[in-house]
Amino acid sequence: MAKFLAELLGCTLPSKGASPMFESKSHSRVGLKSSTKPKTTIFSTLASEKSLSDCKKEQQWKPSVYSSITPVCFPSPLIEKPKGKESMPQTPPFSAMFDSSGYNRNLYQSAEDSCGGLYYHDNNLLSGSLEALIQHLVPNVDYYPDRTYIFTFLLSSRLFMHPYELMAKVCHLCVEHQQLSDPDSDKNQMRKIAPKILQLLTEWTETFPYDFRDERMMRNLKDLAHRIASGEEQTYRKNAQQMMQCLIRKLATLSQYEEVLAKISSTSTDRLTVLKTKPQSIQRDIITICNDPYTLAQQLTHIELERLNYIGPEEFVQAFVQKDPLDNDKSCYSERKKTRNLEAYVEWFNRLSYLVATEICMPVKKKHRARMIEYFIDVARECFNIGNFNSLMAIISGMNMSPVSRLKKTWAKVKTAKFDILEHQMDPSSNFYNYRTALRGAAQRSLTAHSSREKIVIPFFSLLIKDIYFLNEGCANRLPNGHVNFEKFWELAKQVSEFMTWKQVECPFERDRKVLQYLLTVPVFSEDALYLASYESEGPENHIEKDRWKSLRSSLLGRV
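- With an unreviewed UniProt entry as reference, the chain is termed Ras-GEF domain-containing family member 1B isoform X1, source organism Sapajus apella.

**What about the nonpolar core?**
Then comes step 1: Among the nonpolar cores identified, the biggest contains 145 residues, and Leu296, Phe316, Phe376, Met399 and Phe461 are the most heavily contacted of them.
Then comes step 2: The element contributing the most residues to this core is helix α13 (residues 340-361), with 12 residues.
Then comes step 3: When residues of this core are sorted by domain, at least three fall in each of domain 1 (123-247) and domain 2 (287-321 + 337-525).
Then comes step 4: If we ignore the near neighbours within four places in the chain, the residues touching phenylalanine 376 are Ile286, Leu296, Val356, Glu359, Ile360, Ile395 and Met399.

**Thoughts on unusual backbone geometry**
When glycine is set aside, most residues are seen to have a negative phi, and most peptide bonds are trans.
Then comes step 1: For aspartate 122, which is not a glycine, the phi torsion comes out positive at approximately 55 degrees.
Then comes step 2: Accessibility expressed as a relative area gives 56% for aspartate 122, which makes it exposed.
Then comes step 3: Despite not being glycine, phenylalanine 432 has its phi angle at roughly 55 degrees, a positive value.
Then comes step 4: You can see phenylalanine 432 is positioned in helix α19 (residues 429-447).

**Some thoughts on the environment of valine 364**
Then comes step 1: With respect to the helices, strands and loops of the structure, valine 364 is situated in the loop between α13 and α14 (366-386).
Then comes step 2: Overall, the relative accessible area of 64% leaves valine 364 in the exposed class.

**Observations regarding the pattern of salt bridges**
A pair can form between side chains of opposite charge whenever their charged atoms are brought close.
Then comes step 1: Under the criterion given, the structure shown has 14 salt bridges.
Then comes step 2: Arginine 340 is the salt-bridge partner of glutamate 258, the closest N and O atoms lying 3.4 Å from each other. Linking glutamate 258 in helix α8 (residues 234-267) with arginine 340 in helix α13, this pair joins segments that are 82 residues apart in sequence.
Then comes step 3: We classify glutamate 258 as buried; its relative accessible area is 18%.
Then comes step 4: The class for arginine 340 is partly exposed, based on a relative accessible area of 48%.
Then comes step 5: The partner of glutamate 538 in a salt bridge is arginine 369, and the shortest N-O contact between them spans 3.7 Å. With glutamate 538 in the loop between α23 (527-537) and α24 (543-557) and arginine 369 in helix α14, the pair connects residues that are 169 residues apart, well separated along the chain.
Then comes step 6: Classification of glutamate 538 by relative accessible area gives buried; the value is 8%.

**Quick word on α19**
Residues spaced three or four apart along an α-helix face the same direction, because each turn holds 3.6 residues.
Then comes step 1: Here α19 contains 19 residues, and its C-alpha end-to-end distance of 28 Å stays within 8% of the 27 Å for a straight helix at 1.5 Å per residue.
Then comes step 2: Arginine 436 marks the point of greatest bend in α19, at about 35 degrees.
Then comes step 3: Of all the positions in α19, only Phe432, Tyr435, Ala438, Leu439, Ala442, Ala443 and Ser446 are classed as buried.
Then comes step 4: Buried residues belonging to α19 abut α14, α15 (389-399), α18 (417-425), α20 (461-474) and α21 (486-503).

**As for the packing of α14 against α18**
Then comes step 1: Where α14 meets α18, the closest approach of the two axes is 10 Å, and the angle between their N-to-C directions is 40 degrees. Classed by the angle they form, the pair α14 and α18 counts as oblique. For the pair α14 and α18, the crossing hand works out as left-handed. Contact residues: Ile377, Asp378, Ala380, Arg381 and Phe384 in α14; Lys418, Phe419, Leu422 and Gln425 in α18.
Then comes step 2: Looking at the contact of α14 with α18 residue by residue, the classes come out as 5 nonpolar, 1 polar and 3 charged.

**Some remarks on the confidence of the model for the chain**
Low-pLDDT portions of the prediction should not be read for the details of their coordinates.
Then comes step 1: Per-chain confidence: the chain averages 78 in pLDDT, with 71% of residues scoring 70 or above.
Then comes step 2: Under a pLDDT of 50 for its full length, residues 21-112 has, in the predicted model, 216 contacts with residues more than four places off or in other chains.
Then comes step 3: Across residues 330-337, confidence stays below pLDDT 50; counting only partners more than four residues off in sequence or on other chains, it has 19 contacts.

**Concerning the pairing of strand β3 (residues 124-128)**
Then comes step 1: Of all 5 residues in β3, 5 are buried, a share of seventy percent or more.
Then comes step 2: Here strand β2 (residues 118-121) runs beside β3; their pairing, made up of 4 bridges, is antiparallel. Note that in β3 the partner of tyrosine 119 across the bridge is serine 127.
Then comes step 3: Of the strand pairs in this sheet, β3 and strand β4 (residues 484-485) are connected by 2 bridges, and their pairing is antiparallel. Bridging across to β4, glycine 128 finds its partner in valine 484.

**Some remarks on the environment of leucine 126**
Then comes step 1: Structurally, leucine 126 is set in strand β3.
Then comes step 2: Note on leucine 126: relative accessible area 1%, which makes it buried.
Then comes step 3: Between the C-alpha atoms of leucine 126 and tryptophan 490, which are 364 residues apart in sequence, the distance is 8.8 Å.

The rules we used
Residues numbered from 1 in each chain as written. Predicted model: local features only at pLDDT ≥ 70, side-chain atom pairs only at ≥ 80, totals over all residues. Heavy atoms only, no water. Core = buried A, V, L, I, M, F, W, Y, C linked by side-chain atoms within 4.5 Å. Buried < 20%, exposed > 50% of the residue type's maximum accessible area, 1.4 Å probe, protein only. Helix = DSSP H or I, 4+ residues; strand = E, 2+ residues; numbered from the N terminus. Domains from an automatic or database assignment. Contact = heavy atoms within 4.5 Å. Salt bridge = Lys/Arg side-chain N within 4 Å of Asp/Glu carboxyl O. Expected span 1.5 Å × (residues − 1). Bend = angle between axes of the 7 residues up to and from the residue. Axes fitted to C-alpha atoms, helices over the stretch in contact; angles between N-to-C directions. Parallel < 35°, antiparallel > 145°, perpendicular 65-115°, else oblique. Left-handed = near helix turned anticlockwise from the far one by under 90°. Nonpolar A, V, L, I, M, F, W, Y, C, P; charged D, E, K, R; others polar. pLDDT = per-residue confidence, 0-100. Pairing = 2+ DSSP bridges.

This is how it looks when you write it as structure tokens:
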């Protein structure tokens, strides 16, 4: 996992002569810049907290239709000032939670701003004991948690406990506190609480469906859903069945996607192996498959959106999860790091970078290599216009790899004005200021879009991961009194939920199966093969390059 993080956090735009952004080789130029300075937080024992059943604020609640849930599209709840200890403010929307002052607001409030182990300031939930936060998640007759809170807590709670442990606690609270185990319980109360519990489970299964690949999660879910559906109300039974069917479909789709990825990976071969068996004169290149840069940019966007869509929000947290100092269970640490879809997306970035470099280095004639460079410059420009910043960066990264950048005679024939503009847009200086400005513009366009094409926002993924990583590293998960630092997790959820909105956009472009097949399966050169092809095209310039060329010819081609 450490190697994966090192690959993932490489966020400096490579100058000419560098390896790609997510280098998979041991001599990668990117690395994990971890802090060796210990956190100043002093961790203490969690104090036991009383029940919140008498603290939850009464608020009107209506059962909603069980439809797809988009975490970022939160309603804007009415914020009311607490009226003493017995009143609890509803969690506000993200826009009301954060300001330029960051995390410097006072975390220690008066007794009037605390309730059952939860601490507020200006109606904002800032911290609380883990047990109090769990109880705040569970609805009762007069209360249903705000959707911002549900998403934020389900996302961040895995830093402290397994999802199946949280599900077990939620089920216990629902059964014991809401008397679902008592067949003689007040049927009127059952009618009030059952749809709320079912709604909570629905939000969990629709927003974090991958949690339920764990059999323990699914067992608890089925048990609680069965208790709710066993009542007289047919609506509950129908909604519970609908929830389970939707979850099963999502998990089946995920399994199919993983099988396709595994099949693609198992059939991949090195381009050099293909060249040994098939003469280069009959080899196809990307231009013969798709000579229109705009069409190729569209097909790249198809791949990006498909792979983004399978990344669960929890993977951003699980990529950086650390051992909770107050958790004595050490055996479960490795199980939490389930980031397979996130890693598959990183592998796609690497593949695209190597594909670009392969297509440029493979032609024998200089004019054909120059033509290929100009073609990819046009593709990158179209990606920028679409809002596909990840493919844009992968293309720039591929063209900046050493085997490509050393082809000076080839570059001399290239009109590089457009490429210079693209590199300026992705300039890493000032923390990628130019890119971030362009990303904000794309995000704003998406919000006011009149067509599905204008909704597309595909961020430069490495930088997104870097931002989330340093947010996680820069703020302690717990405060000195042992409480969970929930202010940190509001900001974490804000960043992840924005990504959730972007990844759910459906690609509006027509699929070209031939082009997609080529992009996903055509063999690419390894790094050594790229250097060999580069030296064969334009000879070595110094003794170091000559020695490497001879070594590569001997090892890869069996020639001296």
